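As a plain string of letters, each chain reads:
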Amino acid sequence: MIQVTLIRQSKKGKAVNGTITFPIGERSFSYPTIENADFIIPAGTYPLERTWSPKFKKLLPIIEEVPEREGIRIHTGTKPEHSIGCVLVSPMAAANLDIMFNYIKKYTEDEETCIKITDDYSA
């Protein structure tokens, strides 16, 4: 199983800042994230897929099996107001996430992917 990690590191007002990390072979690639504190995903481990987003009209990562929630995506945005529960990354990071998912699917023989979300506000 491929495990992507999201570590939340600080909270200021509605902005919850963190880092998402993709393991790719011997290396890993990390990008800053923003979440809206009013709609935070509970810490835990969830299946992570990439499916078609009707809203964004492209393939995007989706975090599945979040209790009492659905449609939680990883997409671009720079402010917590850009999200109602989704994980936001910068536009440059979003392009790289596409590359990461292509790599995962092509070189891991369609191994399952999950995301582990943890809170570490002391970081």
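Residues numbered from 1 in each chain as written. Predicted model: local features only at pLDDT ≥ 70, side-chain atom pairs only at ≥ 80, totals over all residues. Heavy atoms only, no water.

**Q** So what's going on with the overall build of the protein? Which residues, and what values?
**A** Scanning the protein from terminus to terminus reveals one helix and eight strands. Written out in order from the N terminus, the α and β elements of the protein read β-β-β-β-β-β-β-α-β. For the protein, whose C-alpha radius of gyration is 13 Å, the value lies close to the compact-globule estimate of 14 Å for 123 residues. By its C-alpha atoms, the protein is 40 × 35 × 30 Å across when sized along the principal axes. Long-range pairs, those at least 24 residues apart, make up 50% of the contacts in the protein with a sequence separation of at least 6. For the protein, the exposed surface amounts to about 7100 Å²; the carbon and sulfur share of it is 53%. Here the protein contributes 15 positive and 16 negative side-chain charges, whose respective centroids are spaced 9 Å apart. (Helix = DSSP H or I, 4+ residues; strand = E, 2+ residues; numbered from the N terminus. Rg over C-alpha atoms; globule rule 2.2 N^0.38 Å. Contact = heavy atoms within 4.5 Å. Areas by Shrake-Rupley, 256 points an atom, 1.4 Å probe, with all protein chains shown as cover. Lys, Arg positive; Asp, Glu negative; His and termini not counted. Charge placed at Lys NZ, Arg CZ, Asp CG, Glu CD.)

**Q** Describe the pairing of strand β8 (residues 113-119), and please don't skip the residues or the numbers.
**A** Bridge count between strand β1 (residues 2-12) and β8: seven bridges; the pairing is parallel. When the bridges of β8 are listed, I7 appears paired with T118. Bridge count for strand β4 (residues 44-53) against β8 is four bridges, and the pairing is antiparallel. Its bridge partner lying in β8, T45 is registered against K116. (Pairing = 2+ DSSP bridges.)

**Q** Report on the pattern of salt bridges, specifying residues and quantitative values.
**A** Opposite charge on two side chains permits them to pair, given that their charged atoms come into close proximity. In total, this model carries three salt bridges according to the counting rule given. Ionic pairing is found between E35 and R8, a salt bridge with its closest N-O pair at 2.8 Å. With a gap of 27 residues between them, E35 in strand β3 (residues 27-36) and R8 in strand β1 connect regions that are remote in the sequence. Notably, a salt bridge pairs D38 with K14, separated by 2.3 Å at the nearest N-O pair. Highlighted residues: D38 in the loop between β3 and β4 and K14 in the loop between β1 and β2 (15-24), separated in sequence by 24 residues. A residue is classified by how much of its surface remains accessible, and D38, at 47% relative accessible area, is partly exposed. On the basis of relative accessibility, which here comes to 41%, the residue K14 falls in the partly exposed class. The network of salt bridges with common partners includes R8, E35 and D119. (Salt bridge = Lys/Arg side-chain N within 4 Å of Asp/Glu carboxyl O. Buried < 20%, exposed > 50% of the residue type's maximum accessible area, 1.4 Å probe, protein only.)

**Q** I'd like a rundown of the environment of N102, residues and numbers included.
**A** In this fold, N102 is placed in helix α1 (residues 91-107). The spacing of N102 and G25 is 77 residues in sequence and 13 Å in space, taken between C-alpha atoms.

**Q** Provide a residue-level description of the environment of P47, including the pertinent values.
**A** Considering the arrangement of structural elements, one finds P47 in strand β4. Looking at P47, the relative accessible area reads 23%, which means it is partly exposed. In sequence terms P47 and A93 are 46 residues apart; their C-alpha atoms lie 21 Å from each other. In this structure, P47 is in contact with I62, I63, E64, E65, T113 and C114, ignoring residues within four places of it in sequence.

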